[in-house]
Protein chains: 2
Amino acid sequence: MLYSKNNVMIYEKLFTAIEQHVPLSEIEKNSIRSYSVVKKFRKHQYLLQEGNISYTENFVVKGCLRSYEVNEKGQEHVIQFSVEDWWAGDLLSFLTEQPSSYNIDCLEDTEVIQFTKTGLDRLYDEVPMVERYFRLLLQNAYIAASDRLLSTLSKSAVEKYDDFIKKYPHIEMRVTNKQIASYLGITPESLSRIRRQYVLLPNS
Amino acid sequence: MLYSKNNVMIYEKLFTAIEQHVPLSEIEKNSIRSYSVVKKFRKHQYLLQEGNISYTENFVVKGCLRSYEVNEKGQEHVIQFSVEDWWAGDLLSFLTEQPSSYNIDCLEDTEVIQFTKTGLDRLYDEVPMVERYFRLLLQNAYIAASDRLLSTLSKSAVEKYDDFIKKYPHIEMRVTNKQIASYLGITPESLSRIRRQYVLLPNS
């Protein structure tokens, strides 16, 4: 199969991310290429809308996505921002093929590498290192989710903001005040107040 | 190696749990046995105390454990209850060998099968099905943690209680009012009020 120069560079980003955790041979890289596609989205386009099934897991090559839910009162809650080297998608919907309750939209022009469930399951069989990579990735994701849960339950708004800055060090210029406030579960006004007073907390 | 009748039964519970996700041969089961130990705790004993390193991941054969954190104000936050067929431990501390900020105590007499990090890493190499099992387990754990985060951010106390009852269907008689309230992030008084009025919410 032939790849354009551009696609070669796109896949290099994925392979670099995977090789931070596990080694990959050229044959394994070819398998990964053959079970995925590159897709581009413009700013404001949706990767996933609620009620639809999340048919793909998406490695972010470029751009920034926001995963959020709208509750019955119409309030938005941002669950996650996904930037370069992160993954985006609704794992529950992806695994169960049930409609998603999430919306995932692009806050910037975005480029992703997409894997379907069938593709990923075949990859796990053909390239055990991919399965190991996802096990390691899921360990980290689970730890981060537990951490954020604890932070939501027990920390002050300032501490939550501090955790956010450490988790997403360069995202502040890429998303709006309102989106950050929604992620933190506070009002934009409280966020502005915190930001005026904010000094990075040491070593937490 | 010889196993007592009792230990054979204990391991059957682990194998049944694993075989709900992946198949295991007798040779693979022997590997799993050889990289783990059975350990018993009495009620009120600690599996892990904050400041210590979580050297083991623990499959719960019998009993009930509570994972909690105490914040700087001395407030307890219950992160998880672990009952039969669940796992207990602090994954972050286990992976990084850094001191844990969690306490895990036994609310009942408890029996677990313990794996060290070295043991588990060897098992991943020797028995790829164990790696697959953990990938699947971590997927579910990550989905559950994300779900609980969303519930904490956006749901009412009644809805949170309803989620709790569905997640832990038989635990109410095994843990105290105060421990459930701490898990939900509400006061014991609010919980009592909710319980008096509570009717299982349909289909959510």
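Scroll up for the structure.
This section reports on the structure supplied with the text. (Residues numbered from 1 in each chain as written. Chains lettered and ligands numbered in written order. Predicted model: local features only at pLDDT ≥ 70, side-chain atom pairs only at ≥ 80, totals over all residues. Heavy atoms only, no water.)

**A word on the pattern of salt bridges**
In total, this model carries 28 salt bridges over all chains according to the counting rule given. One salt bridge connects D105 of chain A with R66 of chain A, and the closest N-O pair in it is separated by 2.6 Å. Here the residue D105 of chain A occupies a position in strand β7 (residues 103-106), and R66 of chain A occupies one in strand β4 (residues 65-70), the gap between them amounting to 39 residues. Judged on exposure class, the residue D105 of chain A and its partner R66 of chain A are both buried. A salt bridge links K166 of chain B to D162 of chain B; its shortest N-O distance comes to 2.7 Å. Here K166 of chain B pairs with D162 of chain B, and both are found in helix α6 (residues 157-167), just four residues apart, close to one helical turn. Given a relative accessible area of 32%, K166 of chain B falls into the partly exposed group. Overall, the relative accessible area of 0% leaves D162 of chain B in the buried class. (Salt bridge = Lys/Arg side-chain N within 4 Å of Asp/Glu carboxyl O. Helix = DSSP H or I, 4+ residues; strand = E, 2+ residues; numbered from the N terminus. Buried < 20%, exposed > 50% of the residue type's maximum accessible area, 1.4 Å probe, protein only.)

**Overview of the sheet that holds strand β3 (residues 56-62) of chain B**
Picture the strands of a sheet paired through backbone hydrogen bonds; they go either parallel or antiparallel. Residue and element names in this part refer to chain B. The strand order across the open sheet built from four strands is β1-β8-β3-β6, with neighbouring strands paired in antiparallel fashion. Of all the strands in the sheet, the pair left with one neighbour each is β1 (37-41) and β6 (87-88). Note that β3 and strand β8 (residues 110-116) share six bridges and pair antiparallel. Bridging from a neighbouring strand, N58 pairs with Q114 of β8. (Pairing = 2+ DSSP bridges.)

**Thoughts on the packing of aromatic side chains**
Using the criterion set out here, one finds 28 aromatic pairs over all chains in the structure. Taking the centre distance of 5.8 Å and the plane angle of 40 degrees together, the rings of W87 of chain B and F115 of chain B count as tilted. Here W87 of chain B is found in strand β6, whereas its partner F115 of chain B is found in strand β8, with 28 residues between them in sequence. You can call W87 of chain B buried: its relative accessible area is 12%. A network of ring pairs unites the aromatic residues F59, W87, F115, Y124, Y133 and F134 of chain A as a single cluster. Here the guanidinium or amino end of R135 of chain A rests over the ring plane of Y124 of chain B, the centre of that ring lying 3.6 Å away. Directly above the ring of Y68 of chain B sits R66 of chain B, whose terminal nitrogen or CZ lies 4.2 Å from the centroid. (Phe/Tyr/Trp six-rings, centres within 6.5 Å; stacked < 30°, edge-to-face > 60°. Lys NZ or Arg CZ within 6 Å of the ring centre and 35° of its normal.)

**Quick look at the interface of chain B and chain A**
Facing 29 residues of chain B, the contacting portion of chain A comprises 29 residues. Summing both sides of the interface, chain B and chain A together bury roughly 3,400 Å²; the carbon and sulfur share of this comes to 66%. At the surface where chain B touches chain A, the tally comes to six salt bridges. Of the charged contacts in the structure, one is a salt bridge between E131 of chain A and R132 of chain B, with a shortest N-O distance of 3.0 Å. One can count eight residue pairs in polar contact (both at pLDDT 80 or more) joining chain B with chain A. (Contact = heavy atoms within 4.5 Å. Buried area = accessible area lost by both parts, 1.4 Å probe. Polar contact = N/O pair within 3.5 Å; in protein donor to acceptor, adjacent residues only side chain to side chain.)

**Overview of the relation of the copies chain B and chain A**
When chain B is fitted to chain A, the best match, at an RMSD of 0.0 Å, comes from turning it 180 degrees and sliding it 0.1 Å along the axis. On the angle and the small slide along the axis, the relation comes out as a two-fold axis. Looking at chain B, 100% of its interface residues are interface residues in chain A too, so the copies touch through the same face. (Least-squares fit on C-alpha atoms with pLDDT ≥ 70 in both.)

**Comments concerning unusual backbone geometry**
Leave glycine aside and you will find that most residues have negative phi; peptide bonds, for their part, are mostly trans. The backbone of H44 of chain A shows a phi angle near 80 degrees, a positive value even though the residue is not glycine. Taking the relative accessible area as the measure of exposure, H44 of chain A reaches 61% and is therefore exposed.

**Focus: the side chain of Q114 of chain B**
All names here are of chain B. As for its position among the elements, Q114 is in strand β8. Only 2.9 Å separates the side chain of Q114 from the side chain of N58, close enough to count as a polar contact. If sequence neighbours within four positions are ignored, Q114 has contacts with Y35, S36, V37, K39, F41, L47, T56, E57 and N58.

Bear in mind that shape data such as this cannot, by itself, settle questions of function.
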